[in-house]
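The primary structure of each chain is shown beneath.
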Amino acid sequence: MKTQCIHTAKAPLSTGIAYLFLFVFVYTAFEKSVDFQTFVQGMARYEDFKEYAMPLAATVIGSEILVAALLLSERTRLIGLYASLLLMIAFTGALYYITYVLHSSYCNCGGFINTLSATQHLWFNGLLIALAIAGIYLHRFRYQLSIN
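None of these values were measured; they are calculated from a predicted model. The written sequence of each chain sets the order in which its residues are numbered from 1. This being a predicted model, a pLDDT of at least 70 is required before a residue's local features are given, and a value of 80 or more before pairs of side-chain atoms are given or counted; all residues contribute to the totals for chains, interfaces and linings. Hydrogens are left out, water is left out, and the side-chain values use all remaining heavy atoms of the structure.

## Looking at the overall build of the protein chain
Helix and strand content of the protein chain: 6 helices and 0 strands. Listing the helices and strands of the protein chain from first to last along the sequence gives α-α-α-α-α-α. By the burial criterion, 39% of the 148 residues in the protein chain qualify as buried. Considering only contacts within the protein chain whose residues lie at least 6 apart along the sequence, 70% involve residues at least 24 apart. Secondary structure elements are taken from DSSP: a helix is a run of H or I of four residues or more, a strand is a run of E of two residues or more, and numbering for both begins at the N terminus. Only protein chains enter the accessibility calculation, which uses a 1.4 Å probe; a residue is then buried when its area is under 20% of its type maximum, exposed when over 50%, and partly exposed in between. Every residue pair with non-hydrogen atoms within 4.5 Å of one another is taken to be in contact.

## Thoughts on the packing of helix 2 (residues 36-44) against helix 4 (residues 53-72)
To define axes, lines are fitted to C-alpha atoms, for helices over the stretch in contact only, and angles between the resulting N-to-C directions are given on a 0 to 180 degree scale. Packing of helix 2 against helix 4 brings their axes to within 9 Å, and their N-to-C directions diverge by 120 degrees. Taken as axis vectors, helix 2 and helix 4 run oblique relative to one another. Both helix 2 and helix 4 take part in a crossing whose hand is right-handed. The residues of helix 4 that touch helix 2, namely those facing F36, Q37, F39, V40, M43 and A44, are A53, M54, L56, A57, A58, V60 and I61. Ten residue types, Ala, Val, Leu, Ile, Met, Phe, Trp, Tyr, Cys and Pro, are classed as nonpolar, four, Asp, Glu, Lys and Arg, as charged, and the remainder, Gly among them, as polar. Across the contact of helix 2 with helix 4, the residue classes tally to 12 nonpolar, 1 polar and no charged. Throughout this description, any angle smaller than 35 degrees is read as roughly parallel, any larger than 145 degrees as roughly antiparallel, any in the 65 to 115 degree range as roughly perpendicular, and the remainder as oblique. In a left-handed crossing the near helix is turned counterclockwise from the far helix by less than a right angle, and in a right-handed crossing that turn is clockwise.

## What about the environment of F25?
Considering the arrangement of structural elements, one finds F25 in helix 1 (residues 2-34). You can call F25 buried: its relative accessible area is 1%. Taking the C-alpha atoms as reference points, F25 and A69, 44 residues apart in sequence, are found 9.7 Å from one another.

## Points about the packing of aromatic side chains
Planes of paired rings set the category: under 30 degrees apart is stacked, over 60 is edge-to-face and the rest tilted, where pairs are Phe, Tyr or Trp rings (Trp by its six-membered ring) whose centres lie within 6.5 Å. A complete count under the given rule lists 5 aromatic pairs for this structure. Ring centres of Y46 and F49 lie 6.2 Å apart, and the angle between their planes is 90 degrees; on these two criteria the pair is classed as edge-to-face. Grouping residues by exposure puts Y46 and F49 together as buried. Consider the rings of Y96 and Y100, whose centres lie 4.9 Å apart with planes at 40 degrees: the pair is tilted.

## Here's the deal with unusual backbone geometry
With a phi close to 55 degrees, H103 is a non-glycine residue in the positive phi region. Counting through the fold element by element, H103 comes out in the loop between helix 5 (77-101) and helix 6 (118-147). By relative accessible area, which is 66% here, H103 ends up exposed.

## Things to note about the UniProt feature "transmembrane region" (unreviewed entry) in the protein chain
UniProt positions are given in the numbering used here, feature names are shortened, and annotations may be inferred rather than shown by experiment. Mapped onto this numbering, the UniProt entry annotates "transmembrane region" (unreviewed entry) at residues 12-30, 52-72, 79-102 and 122-139. Between the end C-alpha atoms of residues 52-72 the distance is 30 Å, and the span holds 95% helix and 0% strand. Helix makes up 100% of residues 122-139 and strand makes up 0%, while its end C-alpha atoms are separated by 25 Å.

Below you can see the structure in the form of structure tokens.
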């Protein structure tokens, strides 16, 4: 009986986290796509990314859309949560590199995220990384309970 209560409490949490990432990735992919040239030019500002700005920009947008699609279906949601975690770690690493190695505060992530300072953006990404880990745990835990 108690196991069933835990199971029903964790199901909406893991689904909610997945839908949060779905929203974030669709939102940022849309924002970047609407003004794709600006997104590419923003990446090309950095010598390290200049040569690969166009394919890298397309890969980022494509990855966000792919991960969002994985999060839609219950069957692929766990893969989508793992992919969300990997994307957020990659984005956070890139942001850290741009901010503290290249000493720039320019961000072209799209929408309201552009209004954040570099420190706020890193904290926001850190929160999303923690949520991805929680979502993975909750998703896996809820299925372990249903098997037992």
